[in-house]
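# Secondary and tertiary structure notes
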Amino acid sequence: MKKKAKDINPARWGDATKLVRGGLDRSPHGETAEALYLNSGFVYDEPETAEKRFAGEDDGYVYGRYGNPTVTMFEERLALLEGAEACYAVASGMAAVFGALACNLKAGDHLVSSKALFGSCYQIVTSILPRFGIKTTLVDGQDMKGWREAITKDTKCVFLETPSNPGLEVIDLAGVCEIAKTAGALVVVDNIFATPILQRPLNYGADVIVYSGTKHMDGQGRVLGGAIVSTKAFKEEKLKPFLRHTGPSISPFNAWVLLKGLETMKLRVEAQSEAARAVAEALAAMPGVSRVLYPHLDSHPQAKLARAQMRMGGTMVTFEVEGGKPRAFDVLRSLGIIDISNNLGDTKSLMTHPASTTHRNIGPEARAMMGITDGMLRISVGLEDVNDLTGDLKQAIME
Ligand SMILES: *Cc1c(COP(=O)(O)O)cnc(C)c1O
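What counts and what doesn't
Residues numbered from 1 in each chain as written. Predicted model: local features only at pLDDT ≥ 70, side-chain atom pairs only at ≥ 80, totals over all residues. Heavy atoms only, no water. Buried < 20%, exposed > 50% of the residue type's maximum accessible area, 1.4 Å probe, protein only. Helix = DSSP H or I, 4+ residues; strand = E, 2+ residues; numbered from the N terminus. Pairing = 2+ DSSP bridges. Patch = residues over 30% accessible without salt bridge, like charges linked within 9 Å, V, L, I, M, F, W, Y side chains within 5 Å. Areas by Shrake-Rupley, 256 points an atom, 1.4 Å probe, with all protein chains shown as cover. Salt bridge = Lys/Arg side-chain N within 4 Å of Asp/Glu carboxyl O. Lys, Arg positive; Asp, Glu negative; His and termini not counted. Charge placed at Lys NZ, Arg CZ, Asp CG, Glu CD. 1 Å grid on protein atoms, 1.4 Å probe; cavity = no way out; pocket = protein on both sides within 12 Å on 5 of 7 lines; lining within 4 Å. Points joined across faces, edges and corners; volume = space filled by probe spheres on them. Nonpolar A, V, L, I, M, F, W, Y, C, P; charged D, E, K, R; others polar. Contact = heavy atoms within 4.5 Å. Near = heavy atom within 4 Å. Polar contact = N/O pair within 3.5 Å; in protein donor to acceptor, adjacent residues only side chain to side chain.

### Things to note about the pairing of strand β7 (residues 226-230)
- Counting buried positions along β7 yields five of five residues, so the element is predominantly enclosed.
- Of the two faces of β7, both are covered, the one formed by Gly-226, Ile-228 and Ser-230 as well as the one formed by Ala-227 and Val-229.
- Examined bridge by bridge, strand β1 (residues 86-90) and β7 share five bridges and lie antiparallel to one another. Paired with Val-90 across the strands is Gly-226, a residue of β7.

### Focus on a negative patch on the surface
- On the surface, a cluster of negative charge is contributed by Asp-45, Glu-46, Glu-48, Glu-51 and Glu-57.
- You can see Glu-46 is positioned in the loop between α1 (15-21) and α2 (47-55).

### Brief notes about the layout of surface pockets
- For the largest pocket, the calculated volume is near 840 Å³.
- Together, 32 residues line the largest pocket, and Asp-59, Tyr-66, Glu-236, Lys-240 and Arg-244 are the ones closest to its centre.
- Looking at the lining of the largest pocket, the elements that each hand over two or more residues are α2, α3 (69-82), β1 and α10 (232-246).
- Its residues assigned to classes, the lining of the largest pocket shows 13 nonpolar, seven polar and 12 charged.

### Describing the environment of Val-187
- Note that Val-187 resides in strand β5 (residues 186-190).
- When sequence neighbours within four positions are dropped, the list of residues in contact with Val-187 reads Val-158, Cys-177, Ala-180, Ala-206, Asp-207 and Val-208.

### Quick word on the site of the ligand
- Lining the immediate environment of the ligand, one finds 14 residues, of which Gly-93, Asp-190, Ser-212, Thr-214 and Lys-215 sit closest.
- At 2.7 Å, a side-chain N or O of Asp-190 approaches a nitrogen atom of the ligand.
- With respect to the ligand, the side chain of Thr-214 contributes an N or O atom lying 2.7 Å from an oxygen atom.
- For the ligand, the accessible surface in isolation is 380 Å², of which the surrounding protein chains cover 92%.
- At the level of elements, α4 (93-102) and α9 (213-217) are the ones that each hand at least two residues to the shell around the ligand.

Structure below.
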């Protein structure tokens, strides 16, 4: 019999240990890797067991839409990393964004959001939620006066994304959370670009954090998934009643892929961020590149805030080429290694033209408001050799 080590407190583990061992719940078979429970339903030895589980007196599983042991391992691992009480996994990042907002809002409520948002987040805030009678106000995320004016006693919820997609705008988390707290509003942060490896919004006063597992958590282009990190009370009282009945459940297979993805996420995000910084510096020195946006470069308008809030500058670099859309398309066509793709956070470096893809549907006016120009390109830096990436960019942009 293996001796039990005393006083194991996973909350005191370092991030790397949490990512590899957090939430691990081995079956009686003692498998090394986490088991994949690919089942939709559960059976009971006695009718009384079923009755107790439905009454909430026994916390065993009842149905795949309500929970699954593989999904639970993923949720517990992410909550542990984040230092949060709870996590609820869902089918995609957008299911996480919509669920976190909709579970807490009703007709007549007021939502304040930063205006530089991922395309689908923008649709939820400006078009979908208003259809249900929710009033929304958009503010320039960097304008603290704007936040102070927009958030009133009637504001129920504040939503923001930092750094933003694709402009990599950095928002003062502590500043916005303080304003929201005074008004009694709940702060929901889309932390997808920064990842929990580089930025912890809970430390600045945020209440709820949303993730797309599709991005850095999987990080290898395989599955969709999402997660909502919150207090236990928010999960039990707001998320569960909303999500269990509306059904955006994550597939246990996808949760298993994300669970294994978390094990290498720190290594990947740190290596990709280091490479992204080198790519940003190389781009800044190339003729024909009129602007480079990277949170930790001195040239970034909020470099100081970005360095205070984010441990590294992140895996994304945004830049502008002279010559607008035709020139941006030329660059994309000339790439030899980096792929044309709107996905991000992948081990493969990917480049997209936001104005014609991710931010196409929001229209030219909203693009102008967000500072998305026709010559803007966004790179998600992967795990290839940095010299190969800078070489590819050089030949695509300069030759
Ligand atoms: C990708 C992304 C989402 C949506 O995630 P999905 O998994 O694609 O649904 C939301 N916000 C940001 C910032 C993203 O990059």
